[in-house]
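Here is how the chains run, residue by residue.
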Amino acid sequence: MLDSQLLKIAEDFGSPVYVYDAEKIEFQYHRLTNAFKNVKKLKLNYAVKALSNISILKLFKSLGSGIDTVSIQEVQLGLAAGFLPEQIIFTPNGVSLSEIEEAAKLGVKINIDNLSILEQFGTKHPNVPVCIRINPHVMAGGNANISVGHIDSKFGISIHQIPHILRIVENTKMHINGIHMHTGSDILDIEVFLYASEILFETAKQFKGLDFIDFGSGFKVPYKAGDIETNIEELGEKLSARFNDFCKEYGKDLTLAFEPGKFLVSESGSFLTHVNAVKQTTSTVFAQVDSGFNHLIRPMLYGSHHDIVNISNPNGRERFYTVVGYICETDTFGNNRRINEITEGDVLCFRNAGAYCFSMASNYNSRFKPAEVLWYNNEAKLIRKRETFEDILKNQVEVDFSPKKKVAVSK
Ligand SMILES: *Cc1c(COP(=O)(O)O)cnc(C)c1O
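If you're wondering where the values come from, they're calculated on a predicted model, not measured in any experiment.

### Observations regarding the overall build of the protein chain
When helices and strands are tallied, the protein chain shows 12 helices and 18 strands. Taken against the 2.2 N^0.38 rule, which gives 22 Å for 411 residues, the C-alpha radius of gyration of the protein chain at 24 Å falls within 12% of a compact globule. Taking the principal axes of its C-alpha atoms as reference, the protein chain extends roughly 85 × 65 × 40 Å. The buried share of the protein chain, reckoned over its 411 residues, is 51%. Excluding contacts between residues fewer than 6 apart, the proportion of contacts in the protein chain whose partners are at least 24 apart in sequence is 68%. Of the roughly 19500 Å² of accessible surface on the protein chain, a fraction of 50% belongs to carbon and sulfur atoms.

### Some points on a nonpolar patch on the surface
A cluster of nonpolar side chains, F368, F389 and L393, forms an exposed patch at the surface whose accessible area comes to about 280 Å². In this structure, F389 sits in helix α12 (residues 389–393).

### Describing the domain arrangement of the protein chain
Interface size, as often reported, equals the accessible area lost upon joining of the parts. Splitting the protein chain by domain gives domain 1 (52–260) and domain 2 (266–385). Centre-to-centre separation of domain 1 and domain 2, based on C-alpha positions: 34 Å. Listed as interface residues are 10 residues of domain 1 and, on the opposing side, 14 residues of domain 2. Scanning the region where domain 1 abuts domain 2 turns up zero salt bridges.

### Some words on the site of the ligand
In the vicinity of the ligand there are 14 residues, among which K49, S217, E259, K262 and Y356 approach most closely. Within the side chain of S217, one N or O atom sits 2.4 Å away from an oxygen atom of the ligand. E259 places a side-chain nitrogen or oxygen 2.6 Å from a nitrogen atom of the ligand. Burial of the ligand by the surrounding chains reaches 95%, relative to a free accessible area of 390 Å². Taken together, the residues of the shell around the ligand sort by class into three nonpolar, six polar and five charged.

### Focus: helix α9 (residues 232–250)
Across its 19 residues, α9 extends 25 Å between first and last C-alpha, which sits within 8% of the 27 Å expected from 1.5 Å per residue. Looking at the buried positions of α9, the neighbouring elements they touch are α2 (22–35), α8 (190–204), β9 (212–214), β10 (255–258) and α10 (262–265). Positive backbone phi, at 90 degrees, marks G251, one or two positions downstream of α9.

### Here we look at the pairing of strand β12 (residues 285–289)
Of the two faces of β12, only one is covered, namely that formed by V285, A287 and V289; the face formed by F286 and Q288 stays uncovered. Across five bridges, the pairing between strand β11 (residues 269–280) and β12 is antiparallel. Within β12, the position partnered with A277 by the bridge is Q288. Connecting β11 to the next strand, β12, in antiparallel fashion are four residues. Sheet topology places β12 next to strand β14 (residues 318–324); three bridges connect them, and they run parallel. Looking at the pairing, Q288 lines up with V324 of β14.

### Some thoughts on the pattern of salt bridges
In this structure the tally under the stated criterion is 17 salt bridges. Note that E101 is salt-bridged to K124, the shortest N-O span being 3.0 Å. Placement of the pair is E101 in helix α5 (residues 97–106) and K124 in helix α6 (residues 115–124), with a sequence separation of 23 residues. Between E202 and K205 there is a salt bridge; the shortest N-O distance is 2.8 Å. Among the charged side chains, a salt-bridge network with shared partners connects R31, E229 and E233.

### Here's the deal with the nonpolar core
Side chains of a nonpolar character, in soluble globular proteins, are inclined to be buried together. Formed by 100 residues in total, the largest nonpolar core has its most connected members in Y46, F60, I165 and F215. Residues lining this core come from more than one domain, with at least three contributed by each of domain 1 (52–260) and domain 2 (266–385). In this view, I165 contacts L115, L118, I132, I134, I157 and F207; residues no more than four positions away in its chain are not counted.

### A short note on the packing of aromatic side chains
If you walk through the whole model with that rule in mind, you get 18 aromatic pairs. The interplanar angle of 65 degrees and the centroid separation of 4.7 Å between the aromatic rings of F333 and F350 together place this pair among those described as edge-to-face. Residue F333 is found in strand β15 (residues 332–340), and its partner F350 is found in strand β16 (residues 347–350); the two are separated by 17 residues along the sequence. For the pair formed by F333 and F350, the shared burial category is buried. An aromatic cluster of three or more residues is present, and its members are F36, F193, F201, F215, F219, F243, F246, Y250, F258 and F263. Residue placement shows K109 over the ring face of F212; its charged tip is 5.8 Å from the ring centre. One residue, R367, lies across the ring of Y326, its end atom 4.0 Å from the ring centre.

### Re the environment of T203
Among the secondary structure elements, T203 is positioned in helix α8. The sequence separation of T203 and F293 amounts to 90 residues, and the corresponding C-alpha distance is 42 Å. Ignoring sequence-local partners within four residues, the contact set of T203 consists of I134, I159, I162 and I179. Here I199 takes part through its backbone oxygen, which lies 2.8 Å from a polar atom of the side chain of T203.

### Structural notes on the side chain of T172
Here T172 is to be found in helix α7 (residues 162–172). Using a relative accessible area of 12% as the deciding quantity, one classes T172 as buried. Among the polar contacts listed, one links the side chain of T172 to the backbone oxygen of I168, at a separation of 2.8 Å. Ignoring anything within four residues of it in the chain, the contact list for T172 reads E119, G122, T123 and P126.

About the criteria used
- Residues numbered from 1 in each chain as written.
- Predicted model: local features only at pLDDT ≥ 70, side-chain atom pairs only at ≥ 80, totals over all residues.
- Heavy atoms only, no water.
- Helix = DSSP H or I, 4+ residues; strand = E, 2+ residues; numbered from the N terminus.
- Rg over C-alpha atoms; globule rule 2.2 N^0.38 Å.
- Buried < 20%, exposed > 50% of the residue type's maximum accessible area, 1.4 Å probe, protein only.
- Contact = heavy atoms within 4.5 Å.
- Areas by Shrake-Rupley, 256 points an atom, 1.4 Å probe, with all protein chains shown as cover.
- Patch = residues over 30% accessible without salt bridge, like charges linked within 9 Å, V, L, I, M, F, W, Y side chains within 5 Å.
- Salt bridge = Lys/Arg side-chain N within 4 Å of Asp/Glu carboxyl O.
- Domains from an automatic or database assignment.
- Near = heavy atom within 4 Å.
- Polar contact = N/O pair within 3.5 Å; in protein donor to acceptor, adjacent residues only side chain to side chain.
- Nonpolar A, V, L, I, M, F, W, Y, C, P; charged D, E, K, R; others polar.
- Expected span 1.5 Å × (residues − 1).
- Pairing = 2+ DSSP bridges.
- Core = buried A, V, L, I, M, F, W, Y, C linked by side-chain atoms within 4.5 Å.
- Phe/Tyr/Trp six-rings, centres within 6.5 Å; stacked < 30°, edge-to-face > 60°.
- Lys NZ or Arg CZ within 6 Å of the ring centre and 35° of its normal.

See the structure below:
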């Protein structure tokens, strides 16, 4: 969609506002399915936590996607969006046995990443099929914060513990229907991914009744010029061929599953803010916008880069700005950025704001969470209202501290 259309949305819906381009989401979905067209059975399960608005979930449902969920609430959200239980996979980490049992009762696919829980679940519910999350100990990315395959990760069951898994399966007679890995959100290198996949295939051979192998996600999308992007087409070609060979060896056409979040929604999103003030200090020109890390925390949390564009003045002279928020705390969105000349009241657009942006928003400083708009069929549709003061007070319980009359106590 065009920046002029974004500008119109900022005028019509106010700011701050998140805007998602449905066409871009569809494009990414089809790009991924197309890359794996040579696989007989492919299943994409969109990772809900990236962007969990119910209209976005319904869009994925219309595309034929399933969903990957990490909490019982996300499971319920998926059901509310109309997904059938069998289209939902529950891949939590560190949740209680009872939460997993609750999901199993709803009929969704269960993914377990802990030996203790596996044993307890298998003992109590030997008839419920379970997928197991393996940690192949492959550190795919450079950023230790988001690479989860390394040896000390809290995610997955170590490949070195496969004998223990097999013993649990034999003792409980439980049925393992899938093998899963998710090596983190930072896969730079196809070769690393293929290497981890080999470990998954080796593991899969040990389980006779599989229906699917889930390769997780971790596809990299470019956030700025020059960023590395996972070459999905090349990965599709190489992994498909290898997967098809494995299926022959295994003696069954398994389903190849992925659960991408960022790849599917990141680039569809724009975050629009108005500039409250331009502030010149001795060394810096600050552009202060009507938002902060309460609405978009990735730059402060991960040091992530989001391109920032002045869509009100696209042809203005370029100058250097440090873009900051209005939170009473350091909340820098971008340091020393080259941006077309900014005047107070201009609309700044943060690119790639589809994944892990609204879904991580908070009410810090007692600010309202932003509105969300979906751009669909050349029309802007409101998919979440901006919060109001009632939302801030909702669930708060007031204690009455007014002086009480003394009550006579009988002796
Ligand atoms: C977060 C998550 C994903 C999605 O990761 P992206 O990097 O956004 O694609 C997939 N699977 C699991 C288990 C996750 O926790």
